[in-house]
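Here is how the chains run, residue by residue.
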Amino acid sequence: VYDLESFLHPFTLGIIFGIPSYVYFQIVLLISARIRWIDRIFAHDKVMKFHGILALVAFGLGVLHGHFKEIYGDSSAQILMGELGLDIMQVVIIVTLIVMVPGFPHRIKILARFRDLVTKKWGLDYSILKALHNFTVLGIQLMAFHVILASSTQEDWLRVVIMAGLAVVTTVLWVSHIIVRPIRLRRNPSQVLDVTNPAPGHTEVLLKKPRGFRAKSGQFVFVRFPGSDAQWGEHPYTLSSGTQDEALMVTAKHLGNFSASMAQLKPGDRALVDGPYGKFYPASADKNPRPLVCIAGGIGITPFLSMLKSWSAEDPRPVVLFWAVRDSAELVHRDFFQKRAEELPNFRLVTIVENKPQDGELKGFLDQEKLDSVLGEEGFSLAESEVFFCGPAGMQKAVFPLLKKSGVRRSRLHYEQFSFG
């Protein structure tokens, strides 16, 4: 590039859009490999959200790259590999947005009906769709060959080394994640110890701790049950057990085929536990003495269940837990929370029930009035608190503006993605 004219030349623009598209797609593949140090810095649920956004950006840049390159009308195996790789990514992205990701697409009736057709009538559940999602590696590596064999790359051996090296690193990490990790987990398996139903439409599974397993309260794991009556595949669940408990506990609401099939598990069934992951846990009181406001929606109570099992009565920080559900039957382990409220002098539980609340339960939804009223009674405000939120996307959309309006800083708001979408 020598001047503005050469910069705006279609061939140059094609390269300008193509290089970041390729690099971003490789990063998309790299960060999907559950690299522990990335999780420790950013938290895996946030990483996966970024993974999706980056894939969309990379795809858009790839489309622009193809548009400017089409001007020359060339056709070769190298060009076809790039086109095919982008086509594969297009299919995966469309299926992911319509079927796997909650949010805007499902507000469009025709897309919502298509999602119901795929997931309910055709029975293509999360595990099958996740397997389809893994075709991204094929699309991305076809693009790698497209880039490595490009004439502009071939002009300099250092370019070839950089572009090929990036592809090799991401491929090795992805293969390690898909093949090596399951082998390692099978060498250190877990086992189902007990299966209970803590509430209608909920299943709780007690698991033997794998050798050397350590987790902080609020972290999550990926679990699968090979050879059992449960659905195949691997799903993420927050641990509802405490750090000192001898066994791991997973509490799941029947939101899909896999979670519903967990009710069919039996003691002795084999389990594979990968983790822990996530950064959804408070710092110690000496590092962060601020009061804690915890907000849970439905089964989003599980990380707080884990935290309170390990919470010390000597911790001086006030803790207020707001728990919003549709009806009282969803208040799993209500007795445990009430007992902890008696044992912990600084802990208060506030239950908010949409339909037919019972004695001691607030009616309706969590709103500004309820937040201000309860915290005013406790003698502190949201603005001076550390806030932890775990709940569905709809509740997050309603609650976050309230927190912002109340002066909660972004650095003091901690939230767990209710789904990786």
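Above this text is the structure in question.
Residues numbered from 1 in each chain as written. Predicted model: local features only at pLDDT ≥ 70, side-chain atom pairs only at ≥ 80, totals over all residues. Heavy atoms only, no water.

**Q** Any chance you could break down the sheet that holds strand β10 (residues 362-363) for me, citing the residues and the numbers?
**A** The sheet built from six strands is open, its strands ordered β10-β9-β8-β7-β11-β12 with parallel pairing. Taken across any chain shown, the strands that pair with only one partner, and hence form the sheet edges, are β10 and β12 (413-416). Bridge count for strand β11 (residues 386-390) against β12 is four bridges, and the pairing is parallel. Looking at β12, one finds that C390 is bridged to E416. Against the sheet, helix α14 (residues 368-378) touches β7 (292-297), β8 (319-325), β9 (347-353) and β10, its axis set at about 155° to β8. (Pairing = 2+ DSSP bridges. Helix = DSSP H or I, 4+ residues; strand = E, 2+ residues; numbered from the N terminus. Contact = heavy atoms within 4.5 Å. Axes fitted to C-alpha atoms, helices over the stretch in contact; angles between N-to-C directions.)

**Q** Talk me through helix α2 (residues 10-31); I want residue IDs and the actual numbers.
**A** Helix length check: α2, at 22 residues, gives a terminal C-alpha distance of 32 Å against a target of 32 Å (1.5 Å per residue), a fit within 8%. Looking only at α2, the buried set comprises T12, L13, G14, G18, S21, Y22, F25, Q26, V28, L29 and I31. (Expected span 1.5 Å × (residues − 1). Buried < 20%, exposed > 50% of the residue type's maximum accessible area, 1.4 Å probe, protein only.)

**Q** Give me the lowdown on the state of the cysteines, citing residues and values where you can.
**A** Applying the stated criterion across every chain, the model contains zero disulfides. Its sulfur unpaired, C390 is 11 Å from the next cysteine sulfur, which belongs to C294. Taking relative accessible area as the criterion, C390 reaches 4% and is therefore assigned buried. (Disulfide = S-S within 2.5 Å.)

**Q** Help me get a handle on unusual backbone geometry, residues and values and all.
**A** Most peptide bonds take the trans form, and the phi angle of most residues other than glycine is negative. Put simply, G275 and P276 share a cis peptide bond, and its omega is 5°. By secondary structure assignment, the location of P276 is in strand β6 (residues 270-277). The phi dihedral of R34 is positive, around 55°, even though this residue is not glycine. Structurally, R34 is set in the loop between α2 and α3 (36-42). Unusually for a residue other than glycine, H333 sits at a positive phi of about 60°. Relative to the helices and strands, H333 is located in the loop between β8 and α13 (334-343). On the basis of relative accessibility, which here comes to 27%, the residue H333 falls in the partly exposed class.

**Q** Talk me through empty space enclosed by the protein; I want residue IDs and the actual numbers.
**A** This model, assessed by the stated rule, comprises three cavities of 30 Å³ or more. Estimated volume of the largest cavity: approximately 80 Å³. Together, L292, C294, F304, M307, L308, W311, V319, L321 and F347 line the largest cavity. At the level of secondary structure, the elements contributing two or more residues to the lining of the largest cavity comprise β7, α12 (302-310) and β8. Here the lining of the largest cavity takes three residues from α12, the largest share from any one element. Looking at the lining of the largest cavity, its residues break down into nine nonpolar, no polar and no charged. Taken as a whole, the second largest cavity holds about 40 Å³ of empty space. Considering the residues around the second largest cavity, the lining is formed by W311, S312, A313, D315, R317, V319, L344, P345, N346 and F347. Residue composition of the lining of the second largest cavity, grouped by class: six nonpolar, two polar and two charged. (1 Å grid on protein atoms, 1.4 Å probe; cavity = no way out; pocket = protein on both sides within 12 Å on 5 of 7 lines; lining within 4 Å. Points joined across faces, edges and corners; volume = space filled by probe spheres on them. Nonpolar A, V, L, I, M, F, W, Y, C, P; charged D, E, K, R; others polar.)

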